[in-house]
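These are the residues of each chain, in order.
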There are 2 protein chains.
Amino acid sequence: MAEKITVALDAMGGDNAPYEIVKGAAMAVNELPELTVKLVGQTQAITDTLNKLKGENLPIDEARLLIVEASEVITNDDAPVMAVRRKKDSSVVVAMRLVKNGEADAFISAGSTGAVLVGGQLLIGRLHGVERSPLATLIPTANGVSLIIDCGANVDSRANHLVQYAKMGSLYMEHACGVKNPKVGLLNIGVEEEKGNALVKETYPLLKNRTDINFTGSIEARQIPYGDADVIVCDAFTGNCILKFYEGIAKVLLGKVKESIYANTRSKIGGALLKPSLKNTLATFDTSKFGGAPMLGLNKLVVKAHGSSKAKEIDAALHQCVTFASEHIDEFIREAIDKDNEVVGD
Amino acid sequence: MAEKITVALDAMGGDNAPYEIVKGAAMAVNELPELTVKLVGQTQAITDTLNKLKGENLPIDEARLLIVEASEVITNDDAPVMAVRRKKDSSVVVAMRLVKNGEADAFISAGSTGAVLVGGQLLIGRLHGVERSPLATLIPTANGVSLIIDCGANVDSRANHLVQYAKMGSLYMEHACGVKNPKVGLLNIGVEEEKGNALVKETYPLLKNRTDINFTGSIEARQIPYGDADVIVCDAFTGNCILKFYEGIAKVLLGKVKESIYANTRSKIGGALLKPSLKNTLATFDTSKFGGAPMLGLNKLVVKAHGSSKAKEIDAALHQCVTFASEHIDEFIREAIDKDNEVVGD
């Protein structure tokens, strides 16, 4: 059997907690024999949910679905740094402490992004030599999947941070997604070397000089959906804007397609005939299969699932943790960063 | 009759020059009795195109379609500053000089964005008190149209620049698009006041203090396609990324819908039935009707049309110039900036 892995899961975080979170955990445990999930949160709420799921005939493997009590919940209204420092008995803080103390190998939350980012840095800590921990998000493209890094952790990044993102992102795409020699593009407003803002202009030559990164130059945002680069490197402000715009525009455009189907009788019949094929094609653009955004460069894996996550996303995020652990991605990142620091130290 | 307006049009700029450019001019002149277009470029090429259009039975009003010779062409391969300084007989430089000398009221080009931006600043010049001239682009949304400002002119903007963009963008939306008291949103990665990068954090309170701007707070990129704000203020790097991503993702998603229609016989029949309604609905997302992006805050109007512009876009850009002139938008901007400077000067 594969290596065992224990994940601390924030059972109280997200719009659909605890029901969808606990359900996702139960599904993943049934699918992955090597997985144990520590459901962190209010015991009563979690127990009630497990009983409800049993009533819905979902098999509950109680030996690998453990409950860890945490009485408090951090909400999106809490200021992240304050919340992590003060709500010591919150599901986020209790779960992260489990990871820190070696009682879990990874942490997943669909709760407050801010609290997860702050907790990742303060409680779990960065790998030695990692200057900033970026949030990396997989997005569907016309020919597969690409990673946008950083998507929301560090808004005012420096050039050397972006170079580390490029390296960590490459290792993630290679080992977690099986992309050989991933193409790294620097998000820019033109493809020419002299284009860009101050940050991009400073980062470009640094990436160009790296022989261990398959840097293919600047990538314009227009090319992202075509999958021209496997790893798209940017500061968190731009990355977060792109990611959120993607969510919004996809919903609005597909909503328009739906609107056109319901317009009249003729279009309704057309829509009914087209539906199976349309569903099939658009399934490739379903982001829920990716589960969540890993925060790279920490001592242990932290995954931020989308606030609106349902069981399917949590299940996918747990699969992601198992891949991360079984492929030893953290070891690859640790080695790469250490090697860089040796070179710098010479 | 409405006030007369003369536009200097770069007949050589863009992927489809000169044919589509000249055709767009001929169309606009036929539609707008107050308009005269100076077609700037290689006389022979322009004359040949006009003859071709006559052969296609497009009425050519030669009294209001004047040719101004410019022997050189600035391409996208030319470095913008260098090109504007050295290619003194290029269509961009000759046309801009016409505007500068009062022989034309506005300038349109579908050619090199860099050259247009540089030429706008160097040859036409900024209004007194305007610190940076932003490129403002209209984008279609679920409930109409919004303006993203800045979309590509000034990549490393400062907070006071963004405040001027907010003011100029508001005036443009009000007078060019008829939006009363336009809602201004600051593009951000969260709606809370403490969110954002250094630039946004500095800009937020400045916008909040303005009683003459209908500032509605931060807007996340997710909400842009819903039309939550009429004016979206951002630095040119982020704005350009969003705009180009919009282009790319719309093409890819609608391509996927098309792919699903051609998948099999059933879906083809469905697609055929759905087509009229779908076309109708998606027409609201057609960007070609907007014509081009105005560069605001210059002494005269400069419009950057998309590089891939066809006659329809050039026609729309010329309509835009007429609106701009007849609504005296430049006067409103001049007054607003002057008033601000008086306040600052006090």
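See the structure shown above.
Residues numbered from 1 in each chain as written. Chains lettered and ligands numbered in written order. Predicted model: local features only at pLDDT ≥ 70, side-chain atom pairs only at ≥ 80, totals over all residues. Heavy atoms only, no water.

## A short note on unusual backbone geometry
Following Ala-17 of chain A, the chain continues to Pro-18 of chain A via a peptide bond in cis, the omega torsion being -5°. By the element assignment, Pro-18 of chain A lies in the loop between β1 (5-10) and α1 (19-31). One non-glycine residue with positive phi stands out, namely Asn-57 of chain B, at about 65°. The exposed category is assigned to Asn-57 of chain B, whose relative accessible area is 67%. (Helix = DSSP H or I, 4+ residues; strand = E, 2+ residues; numbered from the N terminus. Buried < 20%, exposed > 50% of the residue type's maximum accessible area, 1.4 Å probe, protein only.)

## Describing the interface of chain A and chain B
Counting from both sides, the interface comprises 54 residues of chain A and, opposite them, 54 residues of chain B. Between chain A and chain B the total buried area reaches about 5000 Å² when both faces are included, carbon and sulfur atoms providing 74% of it. By the criterion of area lost to chain B, the three top residues of chain A are Ile-189, Phe-237 and Phe-245 of chain A, representing 14% of everything that side buries. Across the pair Arg-222 of chain B and Glu-247 of chain A runs a salt bridge, and its minimum N-O distance is 3.0 Å. Elements with a contribution of two residues or more to the side of chain A that touches chain B: β7 (184-188), α7 (198-208), α8 (236-261) and α9 (265-282) of chain A. If you tally residues by element for the side of chain A that touches chain B, the top one is α8 of chain A, at 20 residues. (Contact = heavy atoms within 4.5 Å. Buried area = accessible area lost by both parts, 1.4 Å probe. Salt bridge = Lys/Arg side-chain N within 4 Å of Asp/Glu carboxyl O.)

## Regarding the side chain of Ser-90 of chain B
Residues and elements named next belong to chain B. Mapped onto the fold, Ser-90 is located in the loop between α3 (80-86) and α4 (91-100). Ser-90 sits in the buried class, given a relative accessible area of 0%. Of note is the side chain of Ser-90, whose polar atom sits 2.7 Å from the backbone oxygen of Lys-87. Here Ser-90 is in contact with Ala-70, Glu-72, Val-73 and Ile-74, once residues within four sequence places are set aside. (Polar contact = N/O pair within 3.5 Å; in protein donor to acceptor, adjacent residues only side chain to side chain.)

## Points about the environment of Leu-253 of chain A
Assignment of secondary structure puts Leu-253 of chain A in helix α8. Overall, the relative accessible area of 2% leaves Leu-253 of chain A in the buried class. As for Leu-253 of chain A and Ser-109 of chain A, which are separated by 144 residues in sequence, their C-alpha atoms are 29 Å apart. In contact with Leu-253 of chain A, not counting residues within four places along its chain, are Ala-250, Leu-253 and Phe-285 of chain B.

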